[in-house]
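Coordinate analysis (summary)
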Amino acid sequence: MLELLTKMIGRRLDVYCGGSASLRGEVLQVEDGVLHLKDDSEQLCYVATEKIICVWESREREHNAGFVSAGFK
């Protein structure tokens, strides 16, 4: 996981750590088993890489949670 995350520095990722723990941000660095993320509001987050279950690149377009009206009658 460390090697993969190191290759993704500068990319926006979604990181899943289990349960309801998921994070999104730009990878700043990976150091001493800690992933450093920066979110859109410039806040920093530090994640223990041993707790990460999976990661994927964030989509360009933001996804807003909620219901979508499909015109059903």
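For the structure itself, look to the data block above.
Residues numbered from 1 in each chain as written. Predicted model: local features only at pLDDT ≥ 70, side-chain atom pairs only at ≥ 80, totals over all residues. Heavy atoms only, no water.

1. A look at the sheet that holds strand E3 (residues 34–38)
Read from one edge of the open sheet, five strands run E4-E3-E2-E1-E5, paired in antiparallel fashion. At either margin of the open sheet sits one strand with a lone partner, and together these are strand E4 (44–48) and strand E5 (54–57). Across this sheet, the average inter-strand angle for adjacent strands is 45°, counted without regard to direction. One ladder, built from five bridges, connects strand E2 (residues 22–31) with E3; its direction is antiparallel. By the bridge assignment, Glu 26 is partnered in E3 with Lys 38. (Pairing = 2+ DSSP bridges. Helix = DSSP H or I, 4+ residues; strand = E, 2+ residues; numbered from the N terminus. Axes fitted to C-alpha atoms, helices over the stretch in contact; angles between N-to-C directions.)

2. Concerning the pairing of E2
As defined by bridge partners, strand E1 (residues 12–16) adjoins E2 across five bridges and the pair is classed as antiparallel. Bridge pairing in E2 links Val 15 to Leu 23. Here E1 hands over to E2 after five residues, with Gly 18 in that stretch at a positive phi of 105°.

3. Things to note about the state of the cysteines
For the structure shown, the criterion picks out zero disulfides. Counting only cysteine sulfurs, Cys 45 is the nearest neighbor of Cys 17, a cysteine outside any disulfide, at a range of 8.2 Å. On the basis of relative accessible area, Cys 45 is assigned to the partly exposed category, the value being 25%. (Disulfide = S-S within 2.5 Å. Buried < 20%, exposed > 50% of the residue type's maximum accessible area, 1.4 Å probe, protein only.)

4. Here's the deal with unusual backbone geometry
The general pattern is negative phi for most residues beyond glycine and trans for most peptide bonds. At Asp 32, a residue that is not glycine, the phi angle is positive and equals roughly 55°. Locating Asp 32 in the fold gives a position in the loop between E2 and E3. Despite not being glycine, Glu 42 shows a phi value in the positive range, around 70°. Among the secondary structure elements, Glu 42 is positioned in the loop between E3 and E4. Judged by relative accessible area, Glu 42 falls into the exposed class, the value being 53%.

5. Considerations on the environment of Val 27
Checked against the element boundaries, Val 27 lands in strand E2. Judged by relative accessible area, Val 27 falls into the buried class, the value being 1%. Each C-alpha atom, one on Val 27 and one on Thr 6, is 8.6 Å from the other, the two residues being 21 residues apart in sequence. Val 27 has contacts with Leu 5, Met 8, Ile 9, Gly 10, Arg 11, Leu 13, Leu 35, His 36 and Leu 37, leaving out every residue within four places of it along the chain. (Contact = heavy atoms within 4.5 Å.)

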